[in-house]
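One letter stands for each residue in the lines below.
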Amino acid sequence: QVQLVESGGGLVQAGASLRLSCAASGRTFTNIGWFRQAPGKERRFVAAISWSHASTYYADSVKGRFTISRDNAKNTVYLQMNSLKPEDTANYYCAGQLRGGSSYDYWGQGTQVTVSS
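To keep things clear, this report deals only with the structure shown in the data block. (Residues numbered from 1 in each chain as written. Predicted model: local features only at pLDDT ≥ 70, side-chain atom pairs only at ≥ 80, totals over all residues. Heavy atoms only, no water.)

**Details of the pairing of strand β1 (residues 3–7)**
And then number 1: Across the two faces of β1 the burial differs, with L4 and E6 buried and Q3, V5 and S7 not buried at all.
And then number 2: In this sheet, strand β3 (residues 18–25) lies alongside β1 in antiparallel orientation, the contact comprising 5 bridges. Within β3, the position partnered with L4 by the bridge is A24. (Buried < 20%, exposed > 50% of the residue type's maximum accessible area, 1.4 Å probe, protein only. Helix = DSSP H or I, 4+ residues; strand = E, 2+ residues; numbered from the N terminus. Pairing = 2+ DSSP bridges.)

What follows is the structure, given as structure tokens:
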């Protein structure tokens, strides 16, 4: 059974940090990505990492503040979020991509991040 389980969300003040975790099981993914969706808005790409080469990709809105990383031994991908802003408030999802260049095949249930001003 394929599972992607997010954790680490919460309520923080602006300027604080959070680290999200995405534990993957059941399949070997080419890439793992983080996405977020705020109420009434479309889901947007945040960051991604290739499982084999650890190449990373970021949305412009989070460059310099967020860092994506992976722990192969734990099959876990992390999203370190620093200098959080109220506009970072959203439900954060991780997703697994089986082949590069294709759509994401599996999604987690999400973890809520709320940043107060």
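**Some points on the environment of S21**
And then number 1: With respect to the helices, strands and loops of the structure, S21 is situated in strand β3.
And then number 2: Under the relative-accessibility criterion, S21 is labelled buried at 15%.
And then number 3: As a C-alpha pair, S21 and L79 span 58 residues in sequence and 6.5 Å in three-dimensional space.
And then number 4: Apart from the residues within four sequence positions on either side, S21 is in contact with V5, E6, S7, W34, T76, V77 and Y78. (Contact = heavy atoms within 4.5 Å.)

**Regarding the sheet that holds β3**
Hydrogen bonds along the backbone pair up the strands of a sheet, which may run parallel or antiparallel.
And then number 1: Strand order in the open sheet formed by 4 strands is β1-β3-β8-β7, with antiparallel pairing between adjacent strands. Each edge of the sheet is formed by a strand with only one pairing partner; in this case those strands are β1 and β7 (66–71). For this sheet, the mean inter-axis angle between neighbouring strands, taken without regard to orientation, is 15°.
And then number 2: Pairing of β7 with strand β8 (residues 76–81) involves 6 bridges; the strand directions are antiparallel. Bridging from a neighbouring strand, T67 pairs with Q80 of β8. (Axes fitted to C-alpha atoms, helices over the stretch in contact; angles between N-to-C directions.)

**Regarding the side chain of E6**
And then number 1: Tracing the backbone through its elements, the reader meets E6 in strand β1.
And then number 2: The side chain of E6 sits in the buried core without any salt bridge; R43 is the nearest counter-charge, 8.9 Å away.
And then number 3: In this structure the side chain of E6 is engaged in a polar contact, spanning 2.9 Å, whose partner is the backbone nitrogen of C94.
And then number 4: At 3.0 Å, the side chain of E6 forms a polar contact with the backbone nitrogen of Q109. (Lys, Arg positive; Asp, Glu negative; His and termini not counted. Salt bridge = Lys/Arg side-chain N within 4 Å of Asp/Glu carboxyl O. Polar contact = N/O pair within 3.5 Å; in protein donor to acceptor, adjacent residues only side chain to side chain.)

**Describing the environment of A90**
And then number 1: Mapped onto the elements of the fold, A90 is located in strand β9 (residues 90–97).
And then number 2: Overall, A90 belongs to the buried group, its relative accessible area being 2%.
And then number 3: C-alpha separation for the pair A90 and P39, spaced 51 residues apart in sequence, amounts to 7.2 Å.
And then number 4: Apart from residues lying up to four places away in sequence, A90 is in contact with R36, Q37, A38, T111, Q112 and V113.

Such coordinate-based values are descriptive only and should not be taken to indicate function.
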